[in-house]
Each structure stands twice: as C-alpha cells, then as structure tokens.
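Take a look at the letters that make up each chain.
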Amino acid sequence: MTEYHRPDSKTLQSLKDIANQLRIDSINATTASKSGHPTSCASAAEIMSVLFFNTMKYSIEKPRDPRSDRFIMSKGHAAPVLYAAWAEAGLFPVKDLLNLRKIDNDLEGHPTPRLNFIDVATGSLGQGLGIAAGMAYTGKYFDKSDYRVYCMVGDGESAEGSIWEALSFSSHYKLDNLVAIFDVNRLGQSDPAMLQHEMTVYEDRLKAFGWNTYVVDGHDVEVLCKTFYLASTVKDKPTCILAKTFKGKGCPGVEDLMNWHGKPLGDKADSCIKEIQGQMQNQPPWNLRPQCITASVPDVNLANMKLAEPPKYSMGQQVATRLAYGTALEKLGRANPRVVALDGDTKNSTFSDKFRVAFPDRFIECYIAEQNLVAVGIGCACRDRNVVFCSTFAAFFTRAFDQIRMGAISQTNVNFAGSHAGISIGEDGPSQMALEDLAMFRSIPGSTVFYPSDAVSAERAVEIAANTKGVCFIRTSRPNVPVIYSADEVFQPGKAKVVRQSDNDQVTVIGCCVTLVEAMTAADELASSGINIRVIDPFTLKPFDKDTVLASAKATGGRIITVEDHYEWGGLGDVVAGALSEEKGICIKKLAVKEVPRSGKAAELMEMFGISASCIVKAVKTMTGN
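Heads up: these notes are all about the structure in this document. Just so you know, these numbers come straight off a predicted model, no measurement behind them.

### Description of the nonpolar core
Stage number 1. In this structure, L129, F182 and F416 are the most contacted members of the largest nonpolar core, which totals 112 residues.
Stage number 2. Filtering out sequence-adjacent residues up to four positions away, F416 remains in contact with V374, C390, F397, I404, F441, V471, C472, F473 and I474.
Stage number 3. In terms of nonpolar packing, the next biggest core, distinct from the first, is built from 62 residues, I18, F53, V81 and W86 among them.

### Points about the sheet that holds strand β10 (residues 415-419)
Stage number 1. Read from one edge to the other, the open sheet built from seven strands follows the order β8-β7-β9-β10-β12-β11-β17, with strand pairing classed as mixed. Looking along the sheet, the strands with just one partner apiece sit at the ends: β8 (363-365) and β17 (540-542). For this sheet, the mean angle separating the axes of adjacent strands, direction not counted, is 20°.
Stage number 2. As defined by bridge partners, strand β7 (residues 339-343) adjoins strand β9 (residues 387-393) across five bridges and the pair is classed as parallel. Bridging across to β9, L342 finds its partner in C390.
Stage number 3. With respect to the sheet, helix α13 (residues 370-381) is in contact with β7, β8, β9 and β10, its orientation differing from that of β9 by roughly 170°.

### Focus: empty space enclosed by the protein
Stage number 1. Using the criterion set out here, one finds four cavities of 30 Å³ or more in the structure.
Stage number 2. For the largest cavity, the calculated volume is near 100 Å³.
Stage number 3. Looking at the lining of the largest cavity, its residues break down into nine nonpolar, one polar and five charged.
Stage number 4. Of the volumes computed, that of the second largest cavity is approximately 60 Å³.
Stage number 5. Forming the boundary of the second largest cavity are F71, I72, M73, L82, P111, F117, I118, D119, V120 and T122.
Stage number 6. Top contributing element to the lining of the second largest cavity by residue count: strand β1 (residues 70-73), with three residues.

### Some points on helix α8 (residues 221-233)
Stage number 1. Across its 13 residues, α8 extends 19 Å between first and last C-alpha, which sits within 8% of the 18 Å expected from 1.5 Å per residue.
Stage number 2. The complete set of buried residues in α8 reads V221, L224, C225, T227, F228, Y229, A231 and S232.
Stage number 3. With a side-chain oxygen positioned 3.1 Å from the backbone nitrogen of E222, the residue opening α8 is D220.

### Some points on the pattern of salt bridges
Stage number 1. Enumeration according to the criterion identifies 30 salt bridges in this entry.
Stage number 2. The partner of R460 in a salt bridge is E463, and the shortest N-O contact between them spans 3.0 Å. Note that R460 and E463 are positioned in helix α16 (residues 455-466) at a spacing of three residues, about one turn of the helix. In terms of burial, R460 and E463 fall into one category: buried.
Stage number 3. Note that R534 is salt-bridged to D505, the shortest N-O span being 2.9 Å. One end of the pair, R534, is in strand β16 (residues 533-537); the other, D505, is in the loop between β14 (497-500) and β15 (507-511), and 29 residues separate them in sequence.

### Quick look at the packing of helix α5 (residues 128-142) against helix α6 (residues 161-172)
For any two helices packed against each other, the geometry comes down to the angle between their axes and how far apart the axes lie.
Stage number 1. Where α5 meets α6, the closest approach of the two axes is 8 Å, and the angle between their N-to-C directions is 20°. By the criterion of interaxial angle, the relationship of α5 to α6 is roughly parallel. Along this stretch, α5 crosses α6, giving a crossing that reads as left-handed. Within the contact between the two elements, α5 uses L129, G130, A133 and Y137 and α6 uses I163, A166, L167, F169 and S170.
Stage number 2. Along the lines of polarity and charge, the residues of the contact of α5 with α6 split into seven nonpolar, two polar and no charged.

What counts and how
- Residues numbered from 1 in each chain as written.
- Predicted model: local features only at pLDDT ≥ 70, side-chain atom pairs only at ≥ 80, totals over all residues.
- Heavy atoms only, no water.
- Core = buried A, V, L, I, M, F, W, Y, C linked by side-chain atoms within 4.5 Å.
- Buried < 20%, exposed > 50% of the residue type's maximum accessible area, 1.4 Å probe, protein only.
- Contact = heavy atoms within 4.5 Å.
- Pairing = 2+ DSSP bridges.
- Helix = DSSP H or I, 4+ residues; strand = E, 2+ residues; numbered from the N terminus.
- Axes fitted to C-alpha atoms, helices over the stretch in contact; angles between N-to-C directions.
- 1 Å grid on protein atoms, 1.4 Å probe; cavity = no way out; pocket = protein on both sides within 12 Å on 5 of 7 lines; lining within 4 Å.
- Points joined across faces, edges and corners; volume = space filled by probe spheres on them.
- Nonpolar A, V, L, I, M, F, W, Y, C, P; charged D, E, K, R; others polar.
- Expected span 1.5 Å × (residues − 1).
- Polar contact = N/O pair within 3.5 Å; in protein donor to acceptor, adjacent residues only side chain to side chain.
- Salt bridge = Lys/Arg side-chain N within 4 Å of Asp/Glu carboxyl O.
- Parallel < 35°, antiparallel > 145°, perpendicular 65-115°, else oblique.
- Left-handed = near helix turned anticlockwise from the far one by under 90°.

What follows is the structure, encoded as structure tokens:
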C-alpha cells in the first residue's frame, strides 16, 4: 500500500468548489421540479465530491464496469446530489439535471437502474448497506478483486433493523473492501434523528458491531480524503466513516433547521445559490477527473445455465420437492462456477446444504436475518456477476417483502426458494406455515412463480429460474410426494400439465404438489363410482396457462375446482378466477385454507381445513349433483 499523500491546495480547493457546485446543482434541479430533497443533498456534498473526484476508481464510458468501485446511495432521497456528481464528472450534460422527476426522464425522485450508472433502486430506507455488503462479498470472495464498495447511509435510516443486520453480516465476514459513510446531519423528516449529533454513541455502537470507525467533520474535504485513504489500508474489518454534517449546509435560513426535509427551497433558492457561489474560487469545467480503474475481475458467463445431469428418479418414488431443490442446486453449481447460494440458517431444512457441502466457497450463511439475506443476494447478483439463489422457509420471506419489492424495481435476477409451504408441514403450527407467499410473490412486477409438484419438475424449475430474468420464486413443500414425471419431461413457464383425463370428464380439478396428490387420489375414488375428473398441474402460477385450463374447463362443462395449500386470497384459486374472469359459462369453486390453522398432523390438517382428497370428492359430487 502506497503512503498517503495529502492533496495539494489546488486540489483541495477544487474539491470544495465541486462540493458547492453539487449543492447548487441539487438546488437548481429540485427547484425546477418543484419537489425533492435539496437539504439532504447539501449535507452530503463534500462526501460526494471527495468520493467521485478523489477516491473512487470508475469509468465514465462504462459506468457499470465490473472492475470499478461501486457506490450505493442508501439514502435514496438524496438522488439529486448523486445525479449531479455523475453529471459534473462528465457522464451527461449538467443542464439535464433540470429534468429531475419529469415523466419523460429517467432522473427519478429516487435512484433506479433505468439509469446506466445506478446498480439498484434505493429510497425505501435501510436497504442499501445490505446490498453493498453483497457486492463487497462478491468482490472479496468470488471475484477476488481489488474494487471497493462505498455506501452512504442516512442517520435517520440507521434506525432500521436491516442496517444493523448488514453491519453484523459485514463484520462477521471481514468485508474490508466495504466502506459505509453515515451522513449524520441530525435532522429527520418530522423530528430530529434519534441520536442527533451524539457521535460517540454512534461510534461505540459501530465498534461494538466489529467495524473500524472514524468520526470526522463531514464538510472538511482534506479530512475526508485522508480518512478514505486510511479505510483502504484496514484489513479484516469493514470501515464506517461517521460524518458529522448539517442538513441544508451552506443555505442561510435553512441550514440545520427543521421543516425543510423534502422541500425545494422556493424563494430562498436564489439567495442560497448566491451565498454558495460566494464561497467558490473556481467554476466548471473541473481540473479533477475520476480515478482510473486498476482492479481486474474474472470473465463470467451466465448464459444457457444447465443442470450438470438430468433428474434421476423412479416413477412413483417418494421425494420431497425441497430435497429435489437442493439436489438441483448442487447440479447447477457443478455446471457453472458462478452459481451461489444463500440461506438463513435453514439450510438443513431447505436442503441448500447439499450445495454448501459441494461448494462451501460459494455458499453464504446469512443466519436468521431474512431482510439482509435478500439484500445480500441482490448485491451478489449486481452487474451480472453471479446467478443467485436465496432460500429459507417460505413464511420468512414475508419479513423481507420490502427488499423483494425493491429488488424488482432494481431489475434484479435473484431466485428465491421457499420451503415448508402450507399446512402440510404439520405440527410446527401456523407461525411456520407459508400461506400467503404465493400472493406475495405474484404481486411482484415481472416475477415468475414456480410451484413444482414433484421432484422432476422441482429440478427443472431450478434450471429454468437460473435462465429467467426478474424475480423468481420456487415454492417447495415438506412432505414426500410421488414422482409423476419422467426425467425427460419438458417444462416451460406458463405451460400446464394435464396429468389425468378421459373423454367423459365432468370437472376440472387444479392442484399443486401436495394438493395435486390429493386430487389424483380423489380422481381414483371418484372413478370407482363412475365419475371422471380432469386433473391439472399448472407448474407456474405466474405466468399462468389460461389456454390449457380454459380448454379443459370447456370439456368438463365449465366446472373447475381449485385446491391449494394456501390461504384462499391471492393464491391458485384467484389465479384461475382472474385468468377466466371474462369467460362465459365457467363455475369455479375454491378449496383453500380459510382461517388461521393450528398444529396437527399433515393429513389431519388437510382434512380439517378442506383441502384433502375426501374434501375434493365431496366438492366434485356437489358440483355435479351426484
């Protein structure tokens, strides 16, 4: 490591001037849009100036170069100062900042990857640091590269538990390539932040979480230059720079005053700009440019992902789909070295442990911190560095719904596998039973929702998900279910399988996994009494195969029964009802869990809550008048 060289006076003055120009740009942009957060930008100006014009190594020509340093603006409402930094660095004309928040422009109110210099969407506070940790983990352990990751955290959002999950994760894994900058500007939206300017309390807490810390004047560019350098010399610990700043810095009648959060400066804008300009010695164009990239990364190919070998099961063999998930994940890992798996201390239940045993260097244990599990996964997937699978009990993904929602806005390609779905898990009781997960993942824009019904389709779901853009969810179940498909069966998203049919079927019954088994059992019982039913396995609930279901419904007198191990709201029944809502002559009966369940044996629970084979038989007979 080279020794620190203090920037000369000309450089330091330029950094001060750029910081003030970033303030002016932020004021101009928010004034033009008549909305935004100029005071939150003003507190961060010197930090941004030093990062973008002295410290970070990145490319204007290729903003998402995989070799470059990364920056995450976790306090996404300060987007204008981030946009201004890139504009002043030369990525696009500064005048374009005046298009902030306009419907025909991608300089949105909070950052999104519609912009070629943004990796992830931020603005739902508390998420950026976990994503940055995933990027840093990838850099240190997968890419084995020297690029560094910087994340600006607002003091207000540091009240979020997800921030502390990320702090704990980062120190545990010794992410010395990660630097968090807390912009401690004292004021929140409606009240002062919890700790205001109690910098020693921040420092004590960060040190207790295992971080190397520096408390600095966040408006002193010389101190910031040195501190970022010192951070680069630290080994085996992430660094947090606790920057004491002032909201609205440099703006008379605004600085360090309440009730200016999220408001343009209005009639104060001109006087504030004049005051700030009076402190500047230089004007653009600037004599400082971004630091050149020096890191290297390995080439990565994520195209055409395939299982190393096809499924190997016998027809009728009893295999849990969660076990098949783990088997497929290991096969995928054998085929491509950039497949990585994350879990939240449930790996021996989700069977992601099969991947860990085979590839310990590509498995990340995130412990019982599901929000951070998802955030780290999103970070690992950034810039197409890895194919990522995150697994835990499906119920626990509900805790991280906001991270998943933001992942969709971030255009992430993370795959989520949720096991222990529904009442069929048995005695563990309702807290462990995922009964709203399908509704949740269906609501994510651009998502693909897999619900495989046997081991073969579960393995193929993993393979397809690895090649599918956007958020993917694979729902797996705890009980063993029979293998019903041959190893060479072809599966596609949005293509259902008719697994039981005859020329005189009277009702179409649609089920998935455990309820598909119940439907087939019911079909056998009904057939013995002269009633035939058609049974369909949808494979994916999103996209959904309307054509196959509609054709079957028309062949069975318009009668459909859906049966699902899920609450009746937002699951399979609602998928079918929504898909066929404009069709005439269709009658749909939904068998689903309609109240909070309880502990018991799986078979007892499925009978009690109306989704067993006997319940299907009764529903069919009622629908057909038998």
